[in-house]
Amino acid sequence: MIGQDFSKIEWHLLGLDLLEPNAMIGDIVLFTTSLFMAKQIRQNFGSHSFYSNWRRFFLWFGWSFLFGGFGHLFYNYLGLWGKYPSWILGMVATYFLTIAMLSLWPQAKQKTTFERCALALLFIGVLVEVSVFINVDLSIDQSKGLFVPTLISGIGLIFSLVILGIRYQKTIDSNFKFLWIAALTLLPNAFIQSQKINLTQWFDRNDFSHVLLLISLLIYSHTIKATQNAAILKA
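Analysis parameters
- Sequence order sets the numbering: in each chain, residues are counted from 1 along the sequence as written.
- The predicted origin of the model limits local features to residues at a pLDDT of at least 70 and limits the giving and counting of side-chain atom pairs to 80 or more, whereas totals for whole chains, interfaces and linings rest on all residues.
- Side-chain calculation: all heavy atoms of the structure are included, whereas hydrogens and water are not.
- Only DSSP runs of H or I reaching four residues or more are called helices, and only runs of E reaching two or more are called strands; each is numbered from the N terminus.
- For this analysis, residues touch if any pair of their heavy atoms sits within 4.5 Å.
- Note on areas: these come from Shrake-Rupley sampling with a 1.4 Å probe, and a residue is covered only by the protein chains present in the view.
- Any pair of nitrogen or oxygen atoms within 3.5 Å is treated as a polar contact; in protein, a donor-acceptor pairing is required on top of that, and neighbouring residues in sequence qualify only through side-chain atoms on both sides.
- Side-chain atoms within 4.5 Å link the members of a nonpolar core, which is a set of buried Ala, Val, Leu, Ile, Met, Phe, Trp, Tyr and Cys residues.
- For every residue, the accessible area (1.4 Å probe, protein chains only) is compared with the maximum for its type, and the residue is labelled buried under 20%, exposed over 50%, or partly exposed between those bounds.
- To obtain each axis, a line is fitted to C-alpha atoms, and for helices this fit is confined to the stretch in contact; angles are then taken between N-to-C directions over 0 to 180 degrees.
- For this classification, under 35 degrees means roughly parallel, over 145 means roughly antiparallel, 65 to 115 means roughly perpendicular, and everything else is oblique.
- Polar here means any residue outside two lists: the nonpolar Ala, Val, Leu, Ile, Met, Phe, Trp, Tyr, Cys and Pro, and the charged Asp, Glu, Lys and Arg; Gly therefore counts as polar.
- An arc is given here, and it is the one of the directions from the helix axis to the C-beta atoms.
- Think of pLDDT as the predictor's per-residue confidence, scored from 0 to 100.
- Pairing between strands is defined by DSSP: at least two bridges between them are needed.

(A) View of the overall build of the protein chain. The secondary structure content of the protein chain amounts to ten helices and two strands. For the protein chain, the N- to C-terminal ordering of α and β elements is β-β-α-α-α-α-α-α-α-α-α-α. Sequence separation of at least 24 residues holds for 73% of the intrachain contacts in the protein chain that already meet a minimum separation of 6. Total accessible area on the protein chain is roughly 12200 Å²; 67% of this is exposed by carbon and sulfur atoms.

Laid out in structure tokens, this is it:
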């Protein structure tokens, strides 16, 4: 189905009227994968800011999707309020990814400026998003609530994965190329969501996006492992 969505899958458990078990399954997969990767970093890598902030990214990213899963599952009880936490946490996750990549920037003053800009972007994003929650009727069109986190995260990811990824590929290690490849992997998400491309009721546009996000997580993890020695030496 293209251009419109299937009706939400309803199911009942312990007297509860629940929705979208497919979305919850995908969110749990992303959550567990993210926490596993965060654990791997803590156990196998040092305390350098590059690794500690990637670990924070995986943690915040994972929790954002777990909250998102519950937002889908308990929509009949929480309404739109069940989705707000995941939208905010997603922007925080992107912030830590950006800080991780900036930890390898060679010029201290420029790095400090970039870090302040990243924090300001997060602050503005959260402030505007809260304003949207309060002043906009999202029950009519939820995409208005997703616009701000999508924009803020998009800016952070383009800067971190594409611009810095290409730079570090040339100056630190060629394996950083996998980061901008990860960004390319995520590009179809915008088209899939905007055009509402749903393959089946049990594998809709959100499930499609989950698969692309899972692939991007695996690419991030591969890059961190492949650049381990070079990243520390050139930092």
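(B) Expanded view of the side chain of Thr-98. Inspection of the secondary structure puts Thr-98 in helix H4 (residues 84-102). At 3.0 Å, the side chain of Thr-98 and the side chain of Ser-160 are in polar contact. With near-sequence residues (within four places) excluded, Thr-98 lies in contact with Ala-118, Gly-156, Phe-159 and Ser-160.

(C) Representation of the nonpolar core in the model. Counting residues in hydrophobic clusters, the biggest one holds 49 residues, and the most contacted among them are Trp-54, Phe-57, Phe-58, Met-101 and Tyr-220. Elements with a contribution of two residues or more to this core: helix H1 (21-44), helix H2 (49-73), H4, helix H5 (108-135), helix H6 (143-171), helix H7 (177-186) and helix H9 (205-226). In terms of residue count, the dominant contributor to this core is H4 (13 residues). Of all hydrophobic cores here, the second largest spans five residues; its members include Leu-18, Met-24, Leu-66 and Leu-73.

(D) Seen up close, the packing of H5 against H6. Running from N to C, H5 and H6 point in directions that differ by 170°, and their axes come no closer than 9 Å. In terms of orientation, H5 lies roughly antiparallel with respect to H6. Residues Phe-114, Leu-121, Gly-125, Val-128, Glu-129 and Val-132 of H5 form the contact with H6, whose participating residues are Lys-144, Gly-145, Val-148, Pro-149, Ile-152, Ile-155, Gly-156 and Phe-159. Classifying every residue of the contact of H5 with H6 by side-chain character gives nine nonpolar, three polar and two charged.

(E) Molecular detail of the side chain of Ser-216. Among the structural elements, Ser-216 can be located in helix H9. Among all residues touching Ser-216, those that are not within four sequence positions of it are Ala-182 and Leu-186.

(F) The arrangement of H7 in detail. Restricting attention to buried positions, one finds in H7 the residues Leu-179, Ala-182, Ala-183, Thr-185 and Leu-186. The buried residues of H7 occupy an angular sector of 155° when projected down its axis, which confines them to one face.

(G) Structural context of the confidence of the model for the protein chain. In this model, the protein chain carries an average pLDDT of 86, and 89% of its residues clear a pLDDT of 70 or more. Looking across the protein chain, the model is least confident in helix H10 (residues 228-234), with a mean pLDDT of 62, and most confident in H4, with 95.

(H) Structural context of the environment of Asp-173. Relative to the elements of secondary structure, Asp-173 occurs in the loop between H6 and H7. By relative accessible area, Asp-173 is classed as buried at 16%. Between the C-alpha atom of Asp-173 and that of Thr-227, which follows or precedes it by 54 residues, the distance is 6.4 Å.

(I) The arrangement of the pairing of strand S1 (residues 10-13) in detail. Bridge count for S1 against strand S2 (residues 16-19) is four bridges, and the pairing is antiparallel. Looking at the pairing, Leu-13 lines up with Leu-16 of S2. What sits between the antiparallel neighbours S1 and S2 is a turn of two residues, in which Leu-14 has the positive phi angle 55°.

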